[in-house]
Amino acid sequence: MGEFVRLETRDGIGTIRLERPPMNALNTQVQEELRAAATAATADSGVRAVIVYGGEKVFAAGADIKEMADMSYVDMAERAADLSSALGAIARIPKPVVAAITGYALGGGCELALACDWRVVAEDAKLGQPEIKLGIIPGAGGTQRLARLVGPARAKDLIMSGRMVDAQEALRIGLADRVAPAAEVYDTAVAMVRPYLNGPVQALRAAKLAVDGGLDMDLASGLAWESQLFAALFATDDRSEGMAAFVAKRKPDFTGR
């Protein structure tokens, strides 16, 4: 698809693959290619789940500092929203999305991982938001998604110290969902999404919308949002099939409609 990012599709799984050696630094071009890959994965009905993967050695070690070093406030004020929305495009993929993390997921790389629904982390991987050491803060979702995932106190610890965490600490605090040997990270991610490949597409989409959207609402608004999405699924063929299969005591044959 792009020079540094491509979408590979196989057996219902779309792999968004980063290839910008040596560390998959997220420069402006990579950011926009991630946006394009996310848009393509969203539009392709043959893609039922997505894995974001940086390869066997590194996920993404952060933004391209050389590119940012000479930027002024005016320059970044014009770019910051696009940076955030590029990774936000990953978060908005209406399908299950797993980050398969090897090596380092730092700064923008960690923010890319946070935009996914789950994270599989190699045993020797390191994750963190070290932007404070550059005199800045995370600018692509790190302060917001990390706090929602691990809680505000832990998020402040990681962001304000800039320290890296290993796989076991990431698992303990909820930043990682599974830990695997580095050579098995991608296959573990595949195993995580495989149960969703033949699932009810519209219901899976609604589940993700309900949870993610509800986090930005008060409880009453979130419950109303849930009710709306719940009722809408009664217009789908998969809802009819699922309930008919339950009554008939057979396995449902979902079509995604």
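Owing to the predicted nature of the structure, the values given are computational and were not obtained by experimental measurement.

Undergrad: Describe the overall build of the chain, and please don't skip the residues or the numbers.
TA: The secondary structure content of the chain amounts to eleven helices and nine strands. Over its C-alpha atoms the chain spans a radius of gyration of 19 Å, differing by no more than 12% from the 18 Å that the globule rule assigns to 257 residues. Principal-axis analysis of the C-alpha atoms gives the chain an extent of 65 × 40 × 35 Å. Here the chain holds 257 residues, and 43% of them are scored as buried. In the chain, 67% of the contacts between residues at least 6 apart in sequence involve partners at least 24 apart. By element, 56% of the accessible surface of the chain is carried by carbon and sulfur atoms, the whole surface being about 13200 Å². Counting 29 positive and 33 negative side-chain charges, the chain places the averaged centre of each group 5 Å from the other.

Undergrad: Tell me about the packing of aromatic side chains, residues and numbers included.
TA: Applying the stated criterion across every chain yields a total of three aromatic pairs. Seen in terms of ring centroids, Tyr 53 and Tyr 186 are 5.0 Å apart; in terms of plane orientation they differ by 45 degrees. Their pairing is tilted. Placement of the pair is Tyr 53 in strand S3 (residues 49-53) and Tyr 186 in helix H8 (residues 185-193), with a sequence separation of 133 residues. Of the residues examined, Tyr 53 reaches a relative accessible area of 9% and is grouped as buried.

Undergrad: I'd like a description of the sheet that holds strand S4 (residues 97-101), backed by residues and values.
TA: Spatially, six strands are ordered S1-S2-S3-S4-S6-S9 in an open sheet, and the strand pairing comes out mixed. Two strands lie at the open edges of the sheet, namely strand S1 (5-10) and strand S9 (178-180), each paired on one side alone. The sheet shows a mean angle of 20 degrees between the axes of neighbouring strands, direction not considered. The pairing of S4 with strand S6 (residues 118-122) spans four bridges and is classified as parallel. From the neighbouring strand, Ile 101 faces S6, where its bridge partner is Val 121.

Undergrad: If you had to explain the nonpolar core to someone new, which residues and values would you point to?
TA: Nonpolar side chains tend to gather and get buried jointly when the protein is soluble and globular. With 61 residues, the main nonpolar core has Ile 16, Val 52 and Ile 90 as its most contacted residues. Other than its neighbours up to four places away in sequence, Val 52 contacts Ile 16, Leu 18, Phe 59, Ile 90, Val 97, Val 98, Ala 99, Ala 100, Leu 112 and Cys 116.

Undergrad: Can you break down unusual backbone geometry residue by residue, with the values?
TA: Following Pro 21, the chain continues to Pro 22 via a peptide bond in cis, the omega torsion being 5 degrees. Following the sequence through the fold, Pro 22 ends up in the loop between strand S2 (13-18) and helix H1 (28-43). With a phi close to 55 degrees, Asn 24 is a non-glycine residue in the positive phi region. Mapped onto the elements, Asn 24 comes out in the loop between S2 and H1. One non-glycine residue with positive phi stands out, namely Lys 249, at about 60 degrees.

Undergrad: Talk me through the state of the cysteines; I want residue IDs and the actual numbers.
TA: For the structure on display, the rule yields zero disulfides. Cys 110 takes part in no disulfide bond, and the closest cysteine sulfur, belonging to Cys 116, lies 11 Å away. We classify Cys 110 as buried; its relative accessible area is 2%. For Cys 116, a relative accessible area of 5% puts it in the buried group.

Undergrad: Quick one: what's the story with the environment of Leu 197, residue by residue and with numbers?
TA: Considering the arrangement of structural elements, one finds Leu 197 in the loop between H8 and helix H9 (201-214). Here the alpha-carbon distance between Leu 197 and Ala 113, two residues 84 residues apart in the chain, equals 21 Å. If we skip the residues at most four places from it in the chain, Leu 197 touches Asp 11, Gly 12, Ile 13, Arg 48 and Ala 49.

So, how was this worked out
Residues numbered from 1 in each chain as written. Predicted model: local features only at pLDDT ≥ 70, side-chain atom pairs only at ≥ 80, totals over all residues. Heavy atoms only, no water. Helix = DSSP H or I, 4+ residues; strand = E, 2+ residues; numbered from the N terminus. Rg over C-alpha atoms; globule rule 2.2 N^0.38 Å. Buried < 20%, exposed > 50% of the residue type's maximum accessible area, 1.4 Å probe, protein only. Contact = heavy atoms within 4.5 Å. Areas by Shrake-Rupley, 256 points an atom, 1.4 Å probe, with all protein chains shown as cover. Lys, Arg positive; Asp, Glu negative; His and termini not counted. Charge placed at Lys NZ, Arg CZ, Asp CG, Glu CD. Phe/Tyr/Trp six-rings, centres within 6.5 Å; stacked < 30°, edge-to-face > 60°. Pairing = 2+ DSSP bridges. Axes fitted to C-alpha atoms, helices over the stretch in contact; angles between N-to-C directions. Core = buried A, V, L, I, M, F, W, Y, C linked by side-chain atoms within 4.5 Å. Disulfide = S-S within 2.5 Å.

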